[in-house]
Amino acid sequence: MLTKDVAPGIHCVTESHVNFYLVEDGDEILLVDAGLPTSWPLLLEALTALGRRPRDIVALVLTHGHFDHIGIAERVRRELGVPVYIHDNDVPLTRHPRQYARARPLTWYLLTQFKAMPIVAGLLVRRAWWPKPVRRVERIRDDVLPVPGSPRVLFTPGHTLGHCALHFPDRDAVIAGDALVTLDPYRGTTGPQIVSGAATADEERALETIGLIAATGVGTVLVGHGPAWTDGAERMVESARRRGPS
Ligand SMILES: [Zn+2]
């Protein structure tokens, strides 16, 4: 499903409660995150709906290396010939997508969190845990990336150790990836929160580093799972911290 203009010139594609984003800048498009292995047709549909072509995509930035954010990254890289950016610390995840650190065992959540079961089932059906490894990546080196939209990198480790959010100052928006979400796929809970320990490496660090997102003062925070938050980054972070780890 495509939701246009979740922020100015930023469009959201959602599949099975997983979001990825297209950022328009003149004739060019930046892709932020790469969904599930089954997301390719959705990307093509979204481009058509926006009156764009695949070759308008000139870069892909991965907020982190989790399986449900790198689904079609290798296909995008290979077929469109675009660079794939990710932080150094998450490069190993792009090679071995199932070897990610968790604060608590995934099986506990799968067996006890009834609200999350349809979400996890949807991910399993789409073979979310089995994306193609990304064969070549560009390591994020600078604060401002040389890609459409010129996002400022907010290094927000915790969810993964190389997680980065992207700040678009002129659009009053941050793409937060999974540093902050409005739906936790592993508990089925809604509202501002960090992702549960089923898929977060270091919850304490995650709750600390989201302070960088609050400090941007943006109105809109676009997340990896759940609808956009439009009530200000500071309030969102405050609320997620009050809720704490789960
Ligand atoms: Zn994640």
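Residues numbered from 1 in each chain as written. Predicted model: local features only at pLDDT ≥ 70, side-chain atom pairs only at ≥ 80, totals over all residues.

*Asks:* Go over the overall build of the chain with me, naming the residues and quoting the values.
*Replies:* Per the secondary structure count, the chain includes eight helices and 13 strands. Against the globule reference of 18 Å for 246 residues, the chain gives a C-alpha radius of gyration of 16 Å, in line with a compact fold. Projected onto the principal axes, the alpha-carbon positions of the chain cover approximately 45 × 35 × 30 Å. Out of the 246 residues in the chain, the part that is buried amounts to 52%. Within the chain, contacts between residues at least 6 apart in sequence are counted, and of these 68% link residues at least 24 apart. (Helix = DSSP H or I, 4+ residues; strand = E, 2+ residues; numbered from the N terminus. Rg over C-alpha atoms; globule rule 2.2 N^0.38 Å. Buried ≥ 20, exposed ≤ 12 C-beta atoms within 10 Å, placed from the backbone. Contact = placed C-beta atoms within 7 Å.)

*Asks:* Can you lay out the environment of Ala46 for me, pointing to particular residues and giving the numbers?
*Replies:* Along the chain, the position of Ala46 falls in helix α1 (residues 40-49). Taking the number of C-beta atoms within 10 Å as the measure of exposure, Ala46 has 23 and is therefore buried. Taking the C-alpha atoms as reference points, Ala46 and Asp170, separated by 124 residues in sequence, lie 23 Å from one another. Setting aside residues no more than four positions away along its own chain, Ala46 makes contact with Leu2, His11, Val13 and Leu22.

*Asks:* Any details on helix α5 (residues 117-125)? Residues and values, ideally.
*Replies:* The set of residues buried in α5 consists of Ile119, Val120 and Leu123. Within α5, the buried residues cover an arc of 95 degrees as seen down the axis, which keeps them to one side. What points out from α5, more than 90 degrees from its buried face, is the exposed set Pro118, Ala121 and Val125. In this fold, the buried residues of α5 make contact with α4 (106-112). Immediately downstream of α5, the backbone of Arg127 shows phi near 50 degrees, a positive value. (Arc of directions from axis to C-beta.)

*Asks:* Let's hear about the pairing of strand β10 (residues 173-177): which residues, and what values?
*Replies:* Counting buried residues in β10 gives five out of five residues, a clear majority hidden from the surface. Burial along β10 is two-sided: Ala173, Ile175 and Gly177 facing one way and Val174 and Ala176 facing the other are all buried. Taken together, the three bridges between strand β9 (residues 164-168) and β10 define a ladder with antiparallel strand orientation. When the sheet's bridge partners are listed, His167 is paired in β10 with Val174. Bridging between β10 and strand β13 (residues 220-223) involves four bridges; their strand directions are parallel. (Pairing = 2+ DSSP bridges.)

*Asks:* Requested: an account of unusual backbone geometry, with residues and values cited.
*Replies:* Positive phi, close to 75 degrees, is recorded for Asp33, a residue that is not glycine. By the secondary structure assignment, Asp33 is in the loop between β4 (28-32) and α1. Its identity as a non-glycine residue notwithstanding, Asp172 has a phi of 55 degrees, on the positive side. Relative to the helices and strands, Asp172 is located in the loop between β9 and β10.

*Asks:* Please give an account of the sheet that holds strand β2 (residues 10-15) that cites residues and values.
*Replies:* Taking strand neighbours across the sheet as the criterion, the seven strands line up as β1-β2-β3-β4-β5-β6-β7 in an open arrangement whose pairing is mixed. If you trace the sheet from one side to the other, it starts and ends with β1 (2-7) and β7 (138-139), each paired once. In this structure, strand β6 (residues 84-86) lies alongside β7, joined through two bridges in parallel fashion. Residue pairing across strands places Tyr85 opposite Glu138, the latter belonging to β7. Across the sheet, α1 lies against β1, β2 and β3 (18-25), angled at about 145 degrees from β2, the strand it touches most. Helix α2 (residues 73-80) rests against β4, β5 (57-61) and β6 of the sheet, and its axis sits at about 150 degrees to β5. (Axes fitted to C-alpha atoms, helices over the stretch in contact; angles between N-to-C directions.)

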